[in-house]
Number of protein chains: 2
Amino acid sequence: MTKRKFNPISVAIVGQGNVGFHLYHELLKTTDIRVEQFNSRKKNSLKAFDVAIIAVSDNAIAEVSKYIKARLVVHTSGSTNIDVLENETRKGVFYPLQSFTKEKTVDFSKIPICGEAKTKEDNNTLESLASRLRSSYYQIGSEERKYIHVAAVFVNNFTNHMFKTAHDILEEHHIPNNILMPLIKETVEKIDRLTPEEAQTGPAIRNDEKTIQNHLTLLNDSQKELYKTITESIQKNGEKL
Amino acid sequence: MTKRKFNPISVAIVGQGNVGFHLYHELLKTTDIRVEQFNSRKKNSLKAFDVAIIAVSDNAIAEVSKYIKARLVVHTSGSTNIDVLENETRKGVFYPLQSFTKEKTVDFSKIPICGEAKTKEDNNTLESLASRLRSSYYQIGSEERKYIHVAAVFVNNFTNHMFKTAHDILEEHHIPNNILMPLIKETVEKIDRLTPEEAQTGPAIRNDEKTIQNHLTLLNDSQKELYKTITESIQKNGEKL
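Residues numbered from 1 in each chain as written. Chains lettered and ligands numbered in written order. Predicted model: local features only at pLDDT ≥ 70, side-chain atom pairs only at ≥ 80, totals over all residues. Heavy atoms only, no water.

Draft legend 1. Summary view of the overall build of chain A. Scanning chain A from terminus to terminus reveals eight helices and seven strands. Counting only contacts in chain A whose residues sit at least 6 apart along the sequence, the fraction spanning at least 24 positions is 53%. Between the averaged position of the 33 positive side-chain charges in chain A and that of its 31 negative side-chain charges there is a distance of 7 Å. (Helix = DSSP H or I, 4+ residues; strand = E, 2+ residues; numbered from the N terminus. Contact = heavy atoms within 4.5 Å. Lys, Arg positive; Asp, Glu negative; His and termini not counted. Charge placed at Lys NZ, Arg CZ, Asp CG, Glu CD.)

This is the structure:
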């Protein structure tokens, strides 16, 4: 940690989407950091800043980075290589592994930040930034980060779609959705103590064809396809009872 | 509530699987209930008991129930109709909406019990039993219960399989699995405040074909099929950004 050198850090946030919004507002609360937010559609130079954080959609990162002259330029994308950045100064990645929506506040102390940089010094800067956000910090290369990103899609987007499907089924039959909340919470609490393999139960892993067939009669075509594919995948993976 | 009449209740648990195990041990802790556990392979009469709870695999319920002469005979299955019971006394269902594994204790105060009975009196007995377990109680008919059961498969078994798949991806690339835990917890906390439809983010709902294609190159065939089917389902359902 080179606290003396990077104290205070001046940070520019480029982009006003969900990630930019939350990062900006969180950094505003810290001391020792001067933060400003910029519109990504302007050709920002940001020469006076220690760090520029580009929080824009993946396919805009290269174009936005071209004009930036901050000492260290990082993007926040899980699925984008560090070398997509086209700035002429130093490059890095500062990927907060979390799902952001403007409607909900996020607790940065519970966000793992996946950082990547090309020098130890830059890595220290990013680690120091993460620690001021009270976030945990992991040094992760571009190759590993891609896998983390796709795994995150499974546990977040796809899991949320399981909730959505269950929600639809209950709503259609006028059953209050909150009846499932304790089960949802237990599903997550279980994997604090057991591996997902040990935690698996239900008709798929039991090869209970009768229940599987009964379930299929209750679903619409789109739900049916989802049910079949996931059931087969559970069975192929041979999770234990 | 007919507290006087059903106080104390004598309860027989038939079956020694996960549900029977946890119900028995939880009821042992209560006062006012006399509980005994029985092997389901014996032809139990249980004539002396107020309630017999059959906690066996779905396809054994009919056979096991035949011999039972307790005043009220209930099964604990989410996907089995009340009329599958073949006892000559009164019938009911006492379905704890939770995923049980012997390795993990369960907090009954967080379990919704879906009860079904043919008379108000029996319904009161089941409600009283649930309240002694500190569980919430819902009166749910056999038809509705089937839908709750399939919805539970989505939020529990299928969600757990999303965790399993993510776990496999990270393990294969030597990335510590706990890096995803905060995201998993946030995924669930979000739907305390937002509907799953409002909570959805990610490449599928954004129709971000480039990221979707990149993700597919990282997965094995079985993961790929899962990814494609769920992505298409999210897109078909037209959840909002």
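Draft legend 2. Structural view of the sheet that holds strand S3 (residues 51-54) of chain A. All names here are of chain A. What the seven strands build is an open sheet, ordered S2-S1-S3-S4-S5-S6-S7; its pairing is mixed. The open sheet terminates on both sides in strands that have one partner only, identified here as strand S2 (33-38) and strand S7 (136-139). Across this sheet, the average inter-strand angle for adjacent strands is 25°, counted without regard to direction. With six bridges joining them, strand S1 (residues 9-14) and S2 adopt parallel strand pairing. Along S2, the bridge assignment pairs Ser 10 with Arg 34. Across the sheet, helix H3 (residues 120-132) touches S1, S2, S3, strand S4 (72-75), strand S5 (90-96), strand S6 (112-117) and S7, and the angle it forms with S5 is around 30°. Across the sheet, helix H4 (residues 142-172) lies against S4, S5 and S6, angled at about 20° from S5, the strand it touches most. (Pairing = 2+ DSSP bridges. Axes fitted to C-alpha atoms, helices over the stretch in contact; angles between N-to-C directions.)

Draft legend 3. Region of interest: the sheet that holds strand S5 (residues 90-96) of chain B. All names here are of chain B. Across the sheet, which stays open at both edges, the seven strands sit in the order S2-S1-S3-S4-S5-S6-S7 with mixed pairing between neighbours. This sheet does not close on itself; its edge strands, each paired only once, are strand S2 (33-38) and strand S7 (136-139). Across this sheet, the average inter-strand angle for adjacent strands is 25°, counted without regard to direction. Where S5 and strand S6 (residues 112-117) come together, five bridges link them in antiparallel fashion. Paired with Val 93 across the two strands is Glu 116, which belongs to S6.

Draft legend 4. Here's a closer look at the relation of the copies chain B and chain A. When chain B is fitted to chain A, the residual RMSD is 0.1 Å, and the transformation amounts to a turn of 180° plus an axial shift of 0.0 Å. Overall, the copies show the geometry of a two-fold rotation axis. Residue Thr 159 of chain B, judged by its C-alpha, is the member of chain B lying nearest the rotation axis, at 2.6 Å. Comparing interface residues between copies, 100% of those in chain B also sit at the interface in chain A, which points to an isologous, same-surface contact. (Least-squares fit on C-alpha atoms with pLDDT ≥ 70 in both.)

Draft legend 5. Examining the pattern of salt bridges more closely. Residues and elements named next belong to chain B. One pass over the full model with this rule turns up 28 salt bridges over all chains. Here Lys 110 and Asp 107 are joined by a salt bridge, their closest N and O atoms 3.9 Å apart. Assessed through its relative accessible area of 35%, Asp 107 is described here as partly exposed. When the shortest N-O distance is used, the salt bridge between Glu 116 and Arg 145 registers 2.6 Å. (Salt bridge = Lys/Arg side-chain N within 4 Å of Asp/Glu carboxyl O. Buried < 20%, exposed > 50% of the residue type's maximum accessible area, 1.4 Å probe, protein only.)

Draft legend 6. Representation of the pairing of S7 of chain A within the structure. All names here are of chain A. Here S6 runs beside S7; their pairing, made up of four bridges, is parallel. Across the sheet, residue Ile 113 finds its bridge partner in S7, namely Tyr 137. As for the winding sense of the linkage, the β-α-β connection from S6 through H3 to S7 is right-handed. (Right-handed = clockwise from strand over helix to strand, strands pointing away.)

Draft legend 7. Molecular detail of the pairing of strand S1 (residues 9-14) of chain B. All names here are of chain B. The buried fraction of S1 is high, at six of six residues. Side chains Ile 9, Val 11 and Ile 13 project from S1 onto one buried face, and the interleaved Ser 10, Ala 12 and Val 14 project onto a second face that is buried too. For the segment spanning S1, helix H1 (residues 18-29) and S2, crossover handedness is right-handed. Bridge analysis of S1 against strand S3 (residues 51-54) gives four bridges, and the strand direction is parallel. By the bridge assignment for S3, Val 11 is matched with Val 51.

Draft legend 8. View of empty space enclosed by the protein. Counted by the stated rule, this structure contains six cavities of 30 Å³ or more. Approximately 50 Å³ is the volume attributed to the largest cavity. Lining of the largest cavity is provided by Val 155, Ile 191 and Pro 196 of chain A together with Phe 163, Ala 166, His 167, Asn 177, Leu 180, Met 181 and Ile 184 of chain B. When residues of the lining of the largest cavity are traced back to their parent elements, those giving at least two are helix H4 (142-172) and helix H5 (181-193) of chain B. Sort the elements by how many residues they give to the lining of the largest cavity and H4 of chain B lands first, with three residues. Within the lining of the largest cavity, the residues separate by chemical class into eight nonpolar, two polar and no charged. (1 Å grid on protein atoms, 1.4 Å probe; cavity = no way out; pocket = protein on both sides within 12 Å on 5 of 7 lines; lining within 4 Å. Points joined across faces, edges and corners; volume = space filled by probe spheres on them. Nonpolar A, V, L, I, M, F, W, Y, C, P; charged D, E, K, R; others polar.)

Draft legend 9. Summary view of the interface of chain B and chain A. If you look at the interface, chain B gives 86 residues, while chain A gives 86 residues. Summing both partners gives a buried area of about 8700 Å² for chain B against chain A, and 68% of it is carried by carbon and sulfur. Remark: the boundary between chain B and chain A carries three salt bridges. Among the ionic pairs, Lys 185 of chain B bridges to Asp 192 of chain A, the shortest N-O distance being 3.0 Å. Here chain B and chain A share 16 residue pairs in polar contact (both at pLDDT 80 or more) between them. (Buried area = accessible area lost by both parts, 1.4 Å probe. Polar contact = N/O pair within 3.5 Å; in protein donor to acceptor, adjacent residues only side chain to side chain.)

That's the geometry; what it means functionally is another story.
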